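# Notes for the structure review
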Amino acid sequence: MPTTGTATLCKAERQHRRGVIGQLFEGGGSKSISVFPLRVVYMPVGRDEVEAPVSILVSVPKRHFKRAVKRNRVKRQLREAYRLHKHILLDTMANGENALVLAFIWLDKELHTTEELMDKMKKILSRIAEKMQQQQQQS
RNA sequence: GCAGUUGGACGGCUUGUCGCUGACCCUUCGGGGGAAGAGGAAAGUCCGGGCAACACAGGGCAUCCCACUUGUUAAUGGCAAGCAAUCCGCGAGGGUUGAGCAGUGGAGAAGAAAAUAACCGCCCCUCCCCCCUUUUCGGGUGGUGGGGUAAGGGUGAGAAGGUGAGGCAAGAGCUCACCAGCCGUGUGGUGACACACGGGCUGUCCGCCUUGGGAGUUGUAAGGUCAUGUAAACCGGCGCUAUGAGGGUAGCCCGCCCAAGCCGGAGGGUAGACCGCUAGAGCCACACGGUGACGGGUGGCGCAGAUAAAUGACAGGCACCUUUCCCUCAUACGGAGAGGCACAGAACCCGGCUUAUAGGCCGACUGCUUUC
């Protein structure tokens, strides 16, 4: 388990495979949770299909922010927030047989403070962790 | 000192914690260390080139782009220095326009009339009526008919070159002077043009058109290597050694070339890695040539390469700007607080253009004011 425990976010943890991403948005196995201004689409996959137990991607639609500078700002904030709080999820997933793919989608047209986004990230990750735990216990 | 014109350069610095990409180095192949890491516009994708793939005997027509001159450059529709007309500004300066004395067409409304001008007006002649004067000659008002006239009228972007004088029945480049335009000659300039002399006598705008110059197409998702999968399979149509199906030759035609397969349907596979990918018309400094754009020369430097897309997040300090308060004669010096700190993110690489931009800095010049 390479990256567990430390607050890093290397390339393996960022999802970039076209096929997996396509499945995530079109396939039936994915579910979503919203905590404004965020929406998370997540999907459990086989552990051997991806490189890391939890991998993410961040999407900020162009229609919300016309300028690339603002889109980059939001992506960086979100990556940072996930990086600092991903242990919430990893603790749950570490021993499971499945891996998880997450997509963070930005919903607002305004920028938010980093402090606020940290808070929202904590909330949303805990909720996903809860659901995954239930699933594991059922199976 | 104030106001302004124009050109140029900058557009933060720094500490700590936690991260991202990563040349290269080490490795017990698990990993560890780690140089370096956004812009003047990286933007819009509006021009031009490099590079790449494909195409390319030749000719005609069509299409598209450019249009004062000379220069500059790899190249341009850029840039520099100029030319002419016109507009704005007291000025330094700034804006707009710019091939064509061939042909052809159009110009609403307004106005009499928009280009072989006569509505009103002005002038002459014939005739008629009336009046005045009267010996007659003559004069006047009005009207019919004929003719001359572009000075005046209002309209318009534009009214038959303009102004003045002469001339005339009234007028007119009819004549003359000056001015604008055009043509010819001469002089100067590489040239656009300028000046001088002479000549004739001259509308404005917009098309088509003509002339000269130029253009192969597609863009790094180009293009290449490897990996994966396989199918030289199946169905239908046309053709099968040519009297040739079909294809290429940028859109069409001629011509030329290739040619044994071609077209359609249904279906299958991959959408991952590497190269391209950053040494380039490169950046900096110094003199030199040139009014300048720029050029060649010498020396130095090694300067982002991501790919669901790195170059950051957070906390503090400094600088800068605005503002409030304290001190003070003071808007000076000093101190305290609050707020602000632009536009904006590389995506093959360059040269331009255009647009966005808080804030201050430097050079040259102009006007006003003060002092000497």
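The rules behind these values
Residues numbered from 1 in each chain as written. Chains lettered and ligands numbered in written order. Predicted model: local features only at pLDDT ≥ 70, side-chain atom pairs only at ≥ 80, totals over all residues. Heavy atoms only, no water. Helix = DSSP H or I, 4+ residues; strand = E, 2+ residues; numbered from the N terminus. Buried < 20%, exposed > 50% of the residue type's maximum accessible area, 1.4 Å probe, protein only. Expected span 1.5 Å × (residues − 1). Core = buried A, V, L, I, M, F, W, Y, C linked by side-chain atoms within 4.5 Å. Contact = heavy atoms within 4.5 Å. Salt bridge = Lys/Arg side-chain N within 4 Å of Asp/Glu carboxyl O.

### Digging into the environment of P53
With respect to the helices and strands, the residue P53 is situated in the loop between β2 (38-46) and β3 (54-59). Classification of P53 by relative accessible area gives buried; the value is 9%. For P53 and E116, which are 63 residues apart along the polypeptide, the C-alpha to C-alpha distance reads 27 Å.

### Comments concerning helix α4 (residues 114-138)
Taking 1.5 Å of rise per residue, 25 residues should cover 36 Å, and α4 covers 36 Å from first to last C-alpha, within 8% of that figure. Taken as a whole, α4 has its buried residues at L117, M118, K120, M121, I124, L125, I128, A129 and M132.

### Digging into the nonpolar core
Formed by 29 residues in total, the largest nonpolar core has its most connected members in L89, L100, L102, F104, M121 and I128. Listing elements by their share of this core, those giving two or more residues are β1 (31-35), β2, β3, α2 (68-85), α3 (87-93), β4 (98-106) and α4. It is α4 that contributes the most residues to this core, eight residues altogether. Ignoring anything within four residues of it in the chain, the contact list for L100 reads Y42, M43, P44, P53, V54, S55, L89, M93, I128 and M132.

### Comments concerning the pattern of salt bridges
Applying the stated rule across the entire model yields two salt bridges. For the salt bridge of E80 with R83, the shortest nitrogen-to-oxygen distance reads 2.4 Å. With E80 and R83 both in helix α2 and three residues apart, the pair spans about one turn of that helix. Looking at E80, the relative accessible area reads 33%, which means it is partly exposed. Residue class for R83 comes out partly exposed when judged on its relative accessible area of 23%. With a shortest N-O distance of 3.4 Å, E116 and K120 are connected by a salt bridge. Taken together, the residues span about one helical turn, with E116 and K120 both in helix α4 at a distance of four residues.

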